[in-house]
Amino acid sequence: MTLVAGVDTSTQSCKVVVVDSASGEVVRAGRAAHPDGTEVDPAAWEVAFHAAAAAAGGLDDVRAIAVGGQQHGMVCLDEGGAVVRPALLWNDTRSAGAAQELVDELGGPQRWAEAIGSVPVASFTITKLRWLASHEPEAAARTSAVCLPHDWLTWRLGGHHELGHLATDRGEASGTGYWSPHTGGYRDDLLERAFGRLPVLPRVLGPACSPGRTPAGAVLGAGTGDNAASALGLGAEPGDVVVSIGTSGVACAVSEVAAADSSGLVASFADATGRFLPLVATLNAARVLDATANLLGVDHPGLSALALAAPPGAGGAALVPWLEGERTPNRPTATGSLHGLTLASFERTHLARAAYEGLLCSLAEAIDALVAQGARVDRVLLVGGAAASPAVQAIAPTVLGRPVHVPPPGEYVALGAARQAAWALSGDDEPPRWPLPGTTVHEADQVASVRERYAEARESVLEQLR
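Novice: I'm lost on the packing of helix α11 (residues 300-308) against helix α13 (residues 390-400) in this one. Help?
Specialist: Relative orientation and spacing of two packed helices are given, respectively, by the angle between their axes and the distance between those axes. Viewed as axis vectors pointing N to C, α11 and α13 meet at an angle of 35°, and their least axial separation amounts to 8 Å. Seen from α11, the contacting residues are Ser304, Ala307 and Leu308; seen from α13, they are Pro390, Ala391, Ala394 and Ile395. The residue makeup of the contact of α11 with α13, split by class, is 6 nonpolar, 1 polar and no charged.

Novice: I would appreciate a short explanation of the packing of aromatic side chains in the present structure.
Specialist: Aromatic ring pairs are reported here in terms of the distance separating the ring centres and the angle at which the planes meet. The full count for this structure, using the stated rule, is 3 aromatic pairs. One Lys or Arg, Arg94, reaches over the ring of Trp131 and ends 5.0 Å from the middle of that ring. Between Arg170 and the ring centre of Phe276, over which it is positioned, the NZ or CZ distance is 5.3 Å.

Novice: What's the story with helix α6 (residues 149-157) in this structure? I'm lost.
Specialist: Because each turn of an α-helix spans 3.6 residues, side chains separated by three or four positions in sequence point in the same direction. With 8 of 9 residues buried, α6 is to be regarded as a mostly interior element. The set of residues buried in α6 consists of Pro149, His150, Asp151, Trp152, Leu153, Thr154, Trp155 and Leu157. Gly159 occupies a position one or two residues after α6 and carries a positive phi of about 75°.

Novice: What's the story with the sheet that holds strand β25 (residues 440-442) in this structure? I'm lost.
Specialist: Within a sheet, each strand pairs with its neighbour through backbone hydrogen bonds, oriented either parallel or antiparallel. Taken in spatial order, the 6 strands make up an open sheet running β18-β17-β16-β23-β24-β25, and their pairing is mixed. This sheet does not close on itself; its edge strands, each paired only once, are β18 (279-282) and β25. Here the strands of the sheet are splayed against their neighbours by 20° on average, with no regard to which way each runs. Inspection of the sheet shows strand β16 (residues 239-245) paired to strand β23 (residues 377-383) by 6 bridges, in the parallel sense. The residue of β23 that forms the bridge with Val241 is Val380.

The rules behind these values
- Residues numbered from 1 in each chain as written.
- Predicted model: local features only at pLDDT ≥ 70, side-chain atom pairs only at ≥ 80, totals over all residues.
- Heavy atoms only, no water.
- Axes fitted to C-alpha atoms, helices over the stretch in contact; angles between N-to-C directions.
- Helix = DSSP H or I, 4+ residues; strand = E, 2+ residues; numbered from the N terminus.
- Contact = heavy atoms within 4.5 Å.
- Nonpolar A, V, L, I, M, F, W, Y, C, P; charged D, E, K, R; others polar.
- Phe/Tyr/Trp six-rings, centres within 6.5 Å; stacked < 30°, edge-to-face > 60°.
- Lys NZ or Arg CZ within 6 Å of the ring centre and 35° of its normal.
- Buried < 20%, exposed > 50% of the residue type's maximum accessible area, 1.4 Å probe, protein only.
- Pairing = 2+ DSSP bridges.

Set out below in structure tokens:
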């Protein structure tokens, strides 16, 4: 049995899976926590990796390894390869003002969509570099190279200290704000506009390429961002949309064409196979169900049972689930609201049903945005903590209007990284085919009135915010 390893260096923790390269079966696994906060010393990621690898039984018998990681962020290195300051993570919002400055300076959202396929927001690396140049000029002056979290850990696993050995992949590069999925190259002009000069950047490797080996001789994969790694771990192909219902909601599609959305709804990312991964993220997802369960005094199985006892459409009740503001659409000051309540619908089962339908309608609109950017949607792959809910599984096809495939719970970012490692080891033209046993398929007729009622409620909220 040839073993490969995949790493998920995420915001909260590091997960390592050791996998049979032929079948994709997970042989063993380990994890270790990352520090809290939105800025972190990258050394903590390396410590967590070694702890997770030890918990997974060590990696001495592994032939190849690749890293999937939290996207965006900013790791600054000096000319000797030392970290200049703690890394700013994707969820650090101090560069929101810098993002708006850059959008305005280039001439608006349309110009950015034409340049990089996306409109910069605070998570993008380019905005953090503008913030650094403006607020910490001494640290900016010491910065000789800039990379992302997964780039840095891959570089460290290779035993390197020289900046010329830094490498990344298309998926990660496409989230920086200074690499174009349309041209497949860095936009030095945008980086220089943001930072004032051009630091060393990682080489952008192809999907099956390797930046080298570990000191122990294991082949290194290029690695990629967490969403691209998850899609690879799920075996997503053109025609598939991956919908993740976790703390946030994500819908991303494997597409043959790059997006260019000036509205800012769709981020034009690349995937880990040479294709593209247009992506929409929402702020309100599983915590909408948490809040509803708390309101109704039930646990999640109880909430699911209540929702399934109500008819589709919840008797006309519609929840716009913007309980934490929203980013898709971009309404950070919005609040959640219930609409269409009557004496018949103002009761527990209908309120429970409205929560699930509102959440899923929000994600259905995310899928609509992907379709508008050229994505084909034949099936939906549903993952994340809430995907196991019977109510989510039953209601999703009635709202989304497509077959919903629910894979078994798993560490799909780490599994995707392992698949990439196996691909780099084999040198084949395509990644290995790994089945996903235990996937269930849920189909139902679409109930158009659910989307129509939600759209009316959503529009009334937007009208109040204008």
